[in-house]
Amino acid sequence: SYAQGMSLIQKASNQHKWNLNLGSIARIWKGGCIIRAVFLDRIKKAFDRNPNLASLLVDGEFSKELLDRQPAWRRVVTHATASGIAVPAFSASLGYFDVYRRSRLPANLIQAQRDFFGAHTYERVDRPGSFHTEWSS
């Protein structure tokens, strides 16, 4: 969720030409906010290493740690869900992590469903153009 939030702040900063320093923002949050997490020191260091970092997910240290801890993260979400325990921050963050790393997303499936139900056409990844399929034939 930190990666997602910082990414949104950076995109707004770029779009509005605010020139925000995300490392400084992490430092300020740590010093004067309820989220005084030691974790914010690591976020600050990541942006100090690369002020133009597109996402914490591509920082070498964060990327390695997330990949190493991914199996446990998935087990926590799976067990909590199977037990009827809501873990919205964990599951939404895991979904963001998965989407961020994929070149093809569920939108491909949604295009096919829209075409099936309403003949809306879809794009293919193997050739340009719009296509429609007679799904029931």
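Please read all numbers here as calculations on a predicted model, not as lab measurements.

J.: Describe the nonpolar core, listing the residues and the values that go with them.
T.: Counting residues in hydrophobic clusters, the biggest one holds 17 residues, and the most contacted among them are Met6, Ile43, Phe47 and Leu56. Those elements giving two or more residues to this core turn out to be α1 (2–16), α2 (22–32), α3 (39–49), α4 (60–82) and α5 (88–100). With 4 residues, the top contributor of residues to this core is α3. Sequence-distant contacts of Met6, that is, excluding residues within four places in its chain, are made with Leu22, Ala26, Trp29, Ile43, Phe47 and Leu56.

J.: I'd like a rundown of the packing of aromatic side chains, residues and numbers included.
T.: For the structure on display, the rule yields 5 aromatic pairs. Judged by centre distance (5.3 Å) and plane angle (40°), the ring pair of Trp73 and Phe97 falls under tilted. Of the two residues, Trp73 is situated in helix α4 and Phe97 in helix α5; the sequence distance between them amounts to 24 residues. For the pair Phe116 and Phe117, a centre-to-centre distance of 4.8 Å together with 85° between the ring planes defines the contact as edge-to-face. The exposure class assigned to Phe116 is partly exposed, which follows from its relative accessible area of 47%. Assessed through its relative accessible area of 69%, Phe117 is described here as exposed. What links up through ring pairs into an aromatic cluster is the set Tyr122, Phe131 and Trp135. Residue placement shows Arg42 over the ring face of Phe62; its charged tip is 5.1 Å from the ring centre.

J.: Please provide a residue-by-residue account of the packing of α3 against α4, values included.
T.: Geometrically, a packed helix pair is captured by the angle between its two axes and the distance between the axes. Packing of α3 against α4 leaves a shortest axis separation of 9 Å and a crossing angle of 130°. The angle between α3 and α4 falls in the class oblique. For the pair α3 and α4, contact is made by Phe39, Arg42, Ile43, Ala46 and Arg49 and by Glu61, Phe62 and Glu65, respectively. The residue makeup of the contact of α3 with α4, split by class, is 4 nonpolar, no polar and 4 charged.

J.: Tell me about the packing of α1 against α3, and please be specific about residues and values.
T.: Put simply, α1 and α3 touch, their axes get as near as 12 Å, and they point 45° apart. Here α3 runs oblique to α1, going by the angle between their axes. Both α1 and α3 take part in a crossing whose hand is right-handed. Residues Tyr2, Met6 and Gln10 of α1 form the contact with α3, whose own contacting residues are Phe39, Leu40, Ile43 and Phe47.

Here is what the cut-offs are and how they apply
Residues numbered from 1 in each chain as written. Predicted model: local features only at pLDDT ≥ 70, side-chain atom pairs only at ≥ 80, totals over all residues. Heavy atoms only, no water. Core = buried A, V, L, I, M, F, W, Y, C linked by side-chain atoms within 4.5 Å. Buried < 20%, exposed > 50% of the residue type's maximum accessible area, 1.4 Å probe, protein only. Helix = DSSP H or I, 4+ residues; strand = E, 2+ residues; numbered from the N terminus. Contact = heavy atoms within 4.5 Å. Phe/Tyr/Trp six-rings, centres within 6.5 Å; stacked < 30°, edge-to-face > 60°. Lys NZ or Arg CZ within 6 Å of the ring centre and 35° of its normal. Axes fitted to C-alpha atoms, helices over the stretch in contact; angles between N-to-C directions. Parallel < 35°, antiparallel > 145°, perpendicular 65-115°, else oblique. Nonpolar A, V, L, I, M, F, W, Y, C, P; charged D, E, K, R; others polar. Left-handed = near helix turned anticlockwise from the far one by under 90°.

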